[in-house]
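Each chain, letter by letter, is given below.
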Amino acid sequence: MFDTTVYPFDARGVAKRFRHAAIFGALEALADGETMRFVNDHDPLPLLEQIRQRYGRQVGIAYIAREPGNIVIDFSVQVGEATAADAGAGSAAGSCGGGNGCGCSGG
C-alpha cells in the first residue's frame, strides 16, 4: 500500500539561494506524524544543525542513504514526542510547541 504520509523533496532541483527557505517551508507544511524524504547531492550538515536548533525534538532526522553524491534523509514531524522541557527550550530558540505542522513561527 502507498504511504501518503511520506512526501518527497528533491533539493537538487531548487536554486541554491532558495533551498533553506524552501526546506523550512516544506517542514512547516507537515502535520504531526508526516515525513518529508529529502534528497540532495551533498550532506547538508549546516542545515541539519539549523533544523535541530529551530525545532528540537519536534523534527526527527534519519539518514536513509549517506553516500557521496546521494544523500537521502527523512525529516519526521513528531510534535507529540516533544516534552514540556523541549517546548520551553524551543520557544527560546524561536520555535513553538504544536499547532499545524511543526508549529514554528518561522522566526
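See the structure printed just above.
Rules used in this analysis
Residues numbered from 1 in each chain as written. Predicted model: local features only at pLDDT ≥ 70, side-chain atom pairs only at ≥ 80, totals over all residues. Heavy atoms only, no water. Core = buried A, V, L, I, M, F, W, Y, C linked by side-chain atoms within 4.5 Å. Buried < 20%, exposed > 50% of the residue type's maximum accessible area, 1.4 Å probe, protein only. Helix = DSSP H or I, 4+ residues; strand = E, 2+ residues; numbered from the N terminus. Contact = heavy atoms within 4.5 Å. Polar contact = N/O pair within 3.5 Å; in protein donor to acceptor, adjacent residues only side chain to side chain.

Caption draft 1: Region of interest: the nonpolar core. Core analysis: the largest hydrophobic core is formed by 18 residues, its most contacted members being Ile 23, Leu 27, Met 36, Phe 38, Ile 51 and Phe 75. Those elements that provide at least two residues to this core are helix 1 (19–29), strand 2 (35–40), helix 2 (45–55) and strand 4 (70–77). Leave out the neighbours within four places in its chain, and Ile 23 touches Phe 9, Met 36, Phe 38 and Leu 47.

Caption draft 2: Quick peek at the environment of Tyr 7. Its location among the elements puts Tyr 7 in strand 1 (residues 6–10). Residues Tyr 7 and Asp 74, spaced 67 residues apart in sequence, show a C-alpha to C-alpha distance of 9.4 Å. Residues in contact with Tyr 7, not counting those within four places in the same chain, are Leu 30, Glu 34, Thr 35, Met 36 and Arg 37. A polar contact is formed between the side chain of Tyr 7 and the side chain of Glu 34, at a distance of 3.3 Å.

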